[in-house]
Amino acid sequence: MPIARPTGRIHEAAWTSGIRELTEPWKGALGCLGVAVFFAMTIGIISWQALEQPPEEWMLRGQASGMLWDRRRGALLLRVLPMGRPLVSITVGSVPASEPPPPRNRCWQDGMEFCYSWEEEAELRISLQPTPAPGTECYSVRWTPLRPDVMLKDCFSMANVSWYGGASLCAQRWPLNSAESPEQPFVSGDFSKNPTGYGPVLERYFLGSTVTVTVAPDVPLVLSLESHWHFCLGGAGGPLHYVLCISPDITTAHRHVGTQLAGPARALPDTTLLWSPIWQYDGPVGSAAKIKRGLRSLARRLKRHRMQEGVLALGEHGTAALATMDHVPAERRKRHGAPHAWDPAMIFPLRLSITLSPYTSIAAPLFLHLLRDGETGYWLSLQPRYGGCSIPLLTTWKGQLCARLNITNEAALSWYLSRARGLRHKLGATYVIFEGAEGNAFLEQAMSPPAELAGDQYAEMLAAALVTLGNATVISVGARSSHLPLFVQMSPLHSDWSHAGLKGLIPSALHYSLLGYNFFIPDTVGGSLAGDTPGDPELYVRWLQIVTFLPVMVFGTPPWLCCDSWVLNLTRQCIQRHRDFVVPLIIKYSKEWLSTGYPIFRPAWWLSPTDPAAFTVEDEFLIGDEVLVAPITEKGQTWRDIYLPGEGCRWRDTNSARVFDGGTVLRNYSVSLEEVPVFVKTS
């Protein structure tokens, strides 16, 4: 038999017992070694992340700027190239509170775009946009929630950045950095219903020191303002999409981006109103006969005081009462005849404005008549889930329970416009004021509006419809309608010296004009809230001096009722100065607005776009590039500091004829109660 050779194979029993004998004494030591290795690797990874990885990582680079991710704060950073100077920090509140992972671009095949997803939270997509103008670079930032419960929110820091635009506020500030507002839908509103809400003029446009933020119109948006910290944009349960642009300075930023909000098709309202002071009728309105006598009496008083040219403004209640009076055309009216008739010739050469609103009292015969006829579609209504009749959505307006016109119903809109035309013709009115156009009736009652009335669609649709009545129309709201030939009524202000009163007048004027609403009608001289008549003659005078340089002068309390005779003389002088000096300037720069979109009433930084001192000047304004108005807004003050913008410019004081250099501050400049500092640029 052949001899069997050893194969070298270890018998299984011997191998197993050997290993068992080897490992049993060392089992504890090997376990300790494994734990030590694990902790060493963990510490190494943490050290590498903390020490080796930079705290900021580039996400997308353009030619003049770039977007970075700050891993420590969970924030987007916009920096200037090549030095990397930070422009704005955007804290991201829509991703997990724990430190997000390092961003990895999932759009690596496209150098113009950056994509990243936080698993089961949100998706971020940043892309470079076509350049709107040389020197300006834009990024599209789009967040998409990956779960229904994810609420998207980006907060823009106010550190070293002054912000303007957005929404009007009850106590308007310039810039917005010192304003405070809780998170709420970005929708126009009525301050009398919600003093902490947003006002009647707003646009999805925010202007920073060198950047702009423009939110897409189809995004259901919420906004909050936290004083001197940040403002936050939220997606209200859906996507959040905005465009972020960088420019060399703030004036260039607005010229390249902000002026394009309304598009190129801009039109002017009836500019003859600029020459006409408005006198609000505040007499008895109990009956048509009382209103008729009151209007005639006011017209006589104005004629007696040599202020007989202008407009008598009748409120909504007075308009409804006067409409019940018979109308006899002037050519058929006999002397001393038709005592119950209304004829606009009674107040000639003054003209009449009437006031309407889209609200109807539920006790009004018109509402009850349409309701009996089954015409519920004329009013905004709640639609039943399972068939049946719709129910009018009731809200309050001027203390009454009312229904609101259904702007989406063509028959209702046609009826409403026809009624407005009829009243204007019947009463011989030159101008028609439409109040109550602001706000979303569904959101006010915590209801989801239909898609066609989301956000400020109601205000936009009504403004577009009112254009058919002509350019002698005034509306109480401005939302994506600055290009239309309409005047916009400014919100009522308090009769005091606060930012809800006199101090808020110039910031409001700058806010309206920046957003394209140059043809606004300010509140009455002295303020219309907190009292029937202004109790402070000094406040009345300082208010009068500011309004002299705004588009239209409006009076609620006539000067002969509130003040001494010298104030009456001053009022006549201010009205004449407005006609001779201010209105020609507004007409001149309105032509520039038509072609360029530049605001007519401009902040100090318009001529000093790189001077940080100009960013916080809220008590001065420019008319175009050539007139600076610097009134007194502090009670009892007869001096003030005046910032003269435009380094290299020369400014002449119209009161003293003294000339000063631009880019300087005049300290403790003397201003008497009868004066308002006005400077004209001479070079």
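See the structure shown above.
Residues numbered from 1 in each chain as written. Predicted model: local features only at pLDDT ≥ 70, side-chain atom pairs only at ≥ 80, totals over all residues. Heavy atoms only, no water.

Chemist: Hey, could you run me through the packing of aromatic side chains in this one?
Modeler: Pairs of aromatic rings are described using the distance from one ring centre to the other and the angle between the two planes. Enumeration according to the criterion identifies 31 aromatic pairs in this entry. Between tryptophan 163 and phenylalanine 231, the aromatic rings sit 4.9 Å apart at their centres with planes inclined by 80°, giving edge-to-face as the arrangement. Of this pair, tryptophan 163 sits in the loop between β8 (153–157) and β9 (164–167) while phenylalanine 231 sits in strand β14 (residues 230–234), and the two are 68 residues apart along the sequence. On the basis of relative accessibility, which here comes to 0%, the residue tryptophan 163 falls in the buried class. Members of the aromatic cluster, each reached through a chain of ring pairs, are Phe156, Trp163, Phe186, Tyr198, Phe206, Phe231 and Tyr242. Note that arginine 61 overlies the ring of tryptophan 58, its terminal NZ or CZ placed 4.1 Å from the centroid. A cation over an aromatic ring shows up here: arginine 404 above the ring of tyrosine 458, its NZ or CZ 4.0 Å from the ring centre. (Phe/Tyr/Trp six-rings, centres within 6.5 Å; stacked < 30°, edge-to-face > 60°. Helix = DSSP H or I, 4+ residues; strand = E, 2+ residues; numbered from the N terminus. Buried < 20%, exposed > 50% of the residue type's maximum accessible area, 1.4 Å probe, protein only. Lys NZ or Arg CZ within 6 Å of the ring centre and 35° of its normal.)

Chemist: How do you make sense of the nonpolar core when you look at a structure like this?
Modeler: Note that soluble globular proteins tend to have their nonpolar side chains buried in a common cluster. Judged by nonpolar contacts, the single largest core of 150 residues is most densely connected at Leu295, Leu312, Trp342, Leu352, Trp605, Phe621 and Phe679. For this core, the leading source of residues is helix α12 (residues 565–596), giving 11 residues. (Core = buried A, V, L, I, M, F, W, Y, C linked by side-chain atoms within 4.5 Å.)

Chemist: Please explain unusual backbone geometry as it appears in this structure.
Modeler: Generally, phi is negative for residues other than glycine and the peptide bonds are trans, each holding for most cases. Note the cis peptide between tryptophan 174 and proline 175, where omega equals 0°. Within the secondary structure, proline 175 is located in the loop between β9 and β10 (181–185). Look at the link from phenylalanine 348 to proline 349: it is a cis peptide, with omega at 10°. For proline 349, the location among the structural elements is in the loop between β19 (341–342) and β20 (351–356). The residue alanine 446 is not glycine, and still its phi comes out positive at about 55°.

Chemist: When you look at the sheet that holds strand β29 (residues 520–521) in this model, what are you seeing that I'm missing?
Modeler: Note: strands within a sheet are paired through backbone hydrogen bonds, in either parallel or antiparallel orientation. Here 8 strands make up an open sheet; going across it, the order is β29-β28-β27-β26-β20-β17-β16-β30 and the pairing parallel. Each edge of the sheet is formed by a strand with only one pairing partner; in this case those strands are β29 and β30 (554–555). (Pairing = 2+ DSSP bridges.)

Chemist: Explain the pattern of salt bridges to me, please; I cannot follow it from the model alone.
Modeler: Oppositely charged side chains may form a pair once their charged atoms are brought near each other. By the definition in use, this model includes 22 salt bridges. The salt bridge involving lysine 635 is made with aspartate 536; its shortest N-O contact spans 2.9 Å. With lysine 635 in the loop between β33 (627–629) and β34 (639–644) and aspartate 536 in the loop between β29 and α10 (537–547), this pair connects stretches of sequence that are 99 residues apart. We classify aspartate 536 as buried; its relative accessible area is 18%. In this structure, arginine 640 engages glutamate 620 in a salt bridge whose closest nitrogen and oxygen atoms are separated by 3.1 Å. Taken together, the residues span a long stretch of sequence, with arginine 640 in strand β34 and glutamate 620 in the loop between β31 (601–602) and β32 (621–623) at a distance of 20 residues. Across this residue pair, the class does not change: arginine 640 and glutamate 620 are buried. Here the salt bridges do not stand alone but share partners, grouping Asp70, Arg72 and Arg73 into one network. (Salt bridge = Lys/Arg side-chain N within 4 Å of Asp/Glu carboxyl O.)

Chemist: Just checking my understanding: could you explain the side chain of arginine 572 for this structure?
Modeler: Checked against the element boundaries, arginine 572 lands in helix α12. One buried charged side chain, arginine 572, makes no salt bridge at all; its nearest oppositely charged neighbour is glutamate 309, positioned 13 Å away. Residues within four places of arginine 572 in sequence aside, it is in contact with His305, Arg306 and Met307. (Lys, Arg positive; Asp, Glu negative; His and termini not counted. Contact = heavy atoms within 4.5 Å.)

Chemist: Even after reading the chapter, I still don't get the pairing of strand β11 (residues 202–207), so can you show me in this structure?
Modeler: Across a regular strand the side chains alternate sides, sitting on one face of the sheet and then on the other. Of all 6 residues in β11, 6 are buried; the element is thus mostly enclosed. In β11, alternate side chains face the same way, and those of Leu202, Arg204 and Phe206 on one face and Glu203, Tyr205 and Leu207 on the other are all buried. Taken together, the 3 bridges between β9 and β11 define a ladder with antiparallel strand orientation. Looking at β11, one finds that tyrosine 164 is bridged to leucine 207. Of the pairings in the sheet, the one linking β11 to strand β12 (residues 211–215) comprises 3 bridges and is antiparallel in character. Residue tyrosine 205 lies in a different strand from β12, and its bridge partner there is threonine 214. With antiparallel pairing between neighbouring strands as the criterion, β11 and β12 make up a hairpin whose turn holds 3 residues.

Chemist: Even after reading the chapter, I still don't get the packing of α10 against α12, so can you show me in this structure?
Modeler: Each pair of packed helices can be described by the angle between their axes along with the distance between the axes. Here α10 crosses α12 at 10°, and the two axes come no closer than 10 Å. The angle between α10 and α12 falls in the class roughly parallel. Across from Tyr540, Val541, Leu544 and Val547 in α10, the residues of α12 making contact are Trp566, Val567, Leu570, Thr571, Cys574 and His578. (Axes fitted to C-alpha atoms, helices over the stretch in contact; angles between N-to-C directions. Parallel < 35°, antiparallel > 145°, perpendicular 65-115°, else oblique.)

Chemist: Can you walk me through the state of the cysteines in this structure?
Modeler: Structurally, a disulfide amounts to a covalent bond that connects the sulfur atoms of two cysteines. Summed over all chains, the structure comprises 3 disulfides. In this model cysteine 155 forms its disulfide with cysteine 232; the gap between the sulfur atoms is 2.0 Å. Measuring handedness by torsion sign, the sulfur bridge of cysteine 155 and cysteine 232 sits at about 105° and is right-handed. In this pair, cysteine 155 is assigned in strand β8 and cysteine 232 in strand β14, connecting sequence segments 77 residues apart. A single burial state applies to cysteine 155 and to cysteine 232, both of which are buried. Shown here is the disulfide that connects cysteine 562 with cysteine 563, its sulfur atoms set 2.3 Å apart. One disulfide, between cysteine 562 and cysteine 563, carries an S-S torsion of -85° and so falls in the left-handed class. In this structure cysteine 562 comes out as buried when scored by relative accessible area, which is 17%. (Disulfide = S-S within 2.5 Å.)

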